[in-house]
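Coordinate inspection notes
The chain contents come next:
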Amino acid sequence: MVRKHKDNGSRKFGAPLYCAAWPAGGYPIVGGGGGKRSSGIPNRAVVLKVENGSLAETEQGDIRMNELTPFNMALHPEGHTLVVGVGSAGLKVLDIIQQATEQPTLSFAPESEAQQEVLHSFGDAKGLTFSSDGKLLAVGIQDAVHIHEWPSLLHKASIRKEKHALTDAVRDIDFSRGHANNAVIAVACEDGTCSLWLWAQAVCVDSLQLPPELSGGAFKACRFARNAQKGLFTVVNHQGSGHILYWQQNDLGEMTLMRQTKANSFAAPITAFDISSRGNFLGSGTSEGASIRVMLAPYMISTGWSFSLVS
């Protein structure tokens, strides 16, 4: 896939890239491909290497996924398992095998017939996330959020659009670290709303309200702070620009907006967003370029670091 080295550290990939994960160490994993085999572009998950802040020239390994295109990924907190959304075919599970200082290798995890049935049943999963202890997997689809035990895949609960007033198809989800027993999830939906739920009871506890200057904007992504505080980072796209907002839950259970990025921080909609495993950094990318910007959390101050991945 790697075609060209540019002075800014970017790399040219011969395929659309849809998702990424970063286990411990300097070996990020990206996923993408051309879809149907007739496109001539293979569907793959690829292991890369970061050296001195730049991507290394050569790939470190890959796994071919045949007709299955990896559209999104969720990395288990222990770093040894990757759940991959592969469109209408549901989910596939990859094992990440890595010795102390060696590069990781990817392989398909063994699946029982019962597990295969559950993984396929999700269909096109738009949101994927593990709880911080790795015991729960949340899957957001067209009309519901499903919570399952991991790795048994035993169904725990569901929040459904028709039954529980979930407003639209799920765009993004995340478990709160600040609530006991992984009890709260944030859900961003395709209609631009973002809400907090007690998932076991399927009860909505709060819906975030945009500040006046962002009225008419749409929530794109949500990530809870990775500490005991009940903080939540959200991406809002508004009139062609992107914004990151930080909220905290008060004693009454309401989410209060604490700070947001400056109006000119992102000149294009934010299309990719994540938080580091320790919660120290926020990473974001926009629709108008392949540059990934890194900011300090929770103050959302730019570090000046950027990477470029060119599909």
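Parameters and conventions
- Residues numbered from 1 in each chain as written.
- Predicted model: local features only at pLDDT ≥ 70, side-chain atom pairs only at ≥ 80, totals over all residues.
- Heavy atoms only, no water.
- Phe/Tyr/Trp six-rings, centres within 6.5 Å; stacked < 30°, edge-to-face > 60°.
- Helix = DSSP H or I, 4+ residues; strand = E, 2+ residues; numbered from the N terminus.
- Buried < 20%, exposed > 50% of the residue type's maximum accessible area, 1.4 Å probe, protein only.
- Salt bridge = Lys/Arg side-chain N within 4 Å of Asp/Glu carboxyl O.
- Pairing = 2+ DSSP bridges.
- Axes fitted to C-alpha atoms, helices over the stretch in contact; angles between N-to-C directions.

1. Let's talk about the packing of aromatic side chains
- Within the structure shown, the criterion is met by 4 aromatic pairs.
- For the ring pair Phe130 and Trp150, a centre distance of 5.3 Å and an interplane angle of 80° mean the geometry is edge-to-face. Here Phe130, found in strand S13 (residues 127-130), pairs with Trp150, found in the loop between strand S15 (144-149) and strand S16 (155-160); they are 20 residues apart in sequence, far enough to count as distant.
- With relative accessibility at 14%, the residue Trp150 sits in the buried group.
- Ring plane angle 45° and centroid distance 6.3 Å describe the contact between Phe219 and Trp247, whose orientation is recorded as tilted.

2. Some points on the pattern of salt bridges
- Here the structure, examined in full by the defined rule, presents 12 salt bridges.
- In this structure, the salt-bridge partner of Glu190 is Arg171, at a minimum N-O distance of 3.2 Å. Placement of Glu190 in the loop between strand S18 (184-189) and strand S19 (194-198) and of Arg171 in strand S17 (residues 170-175) is noted, with a sequence separation of 19 residues between them.
- Put simply, Asp174 and Arg177 hold a salt bridge, and the shortest N to O gap is 3.7 Å.
- Classification of Arg177 as partly exposed rests on a relative accessible area of 24%.
- One network of salt bridges, in which partners are shared, links Arg44, Glu59, Asp62 and Arg64.

3. Concerning unusual backbone geometry
- Residue Trp150 is joined to Pro151 through a cis peptide bond whose omega torsion reads 10°.
- Turning to its location among the elements, Pro151 is positioned in the loop between S15 and S16.
- Non-glycine residue Asn66 carries a positive phi angle of around 55°.
- Secondary-structure assignment places Asn66 in the loop between strand S8 (61-64) and strand S9 (72-75).
- The phi dihedral of Asn182 is positive, around 55°, even though this residue is not glycine.
- Note on placement: Asn182 falls in the loop between S17 and S18.
- The class of Asn182 is buried, set by a relative accessible area of 8%.

4. Some thoughts on the sheet that holds strand S12 (residues 105-108)
- Sheet architecture is open: 4 strands sit in the order S9-S10-S11-S12, paired in antiparallel fashion. On the outer flanks of this sheet lie S9 and S12, each paired with one strand and no other. Looking at each pair of strands side by side, their axes are set apart by 30° on average, direction ignored.

5. Observations regarding the sheet that holds strand S20 (residues 203-207)
- Ordered by their spatial adjacency, 4 strands build an open sheet running S17-S18-S19-S20, and the pairing between neighbours is antiparallel. Both edges of this open sheet fall to S17 and S20, since each of them pairs with a single strand only. Ignoring which end each strand starts from, the neighbouring axes of this sheet average 30° apart.
- Where S18 lies against S19, 5 bridges are found, and the strand directions are antiparallel. By the bridge assignment, Ala188 is partnered in S19 with Cys194.

On their own, these measurements won't tell you what the molecule is for.
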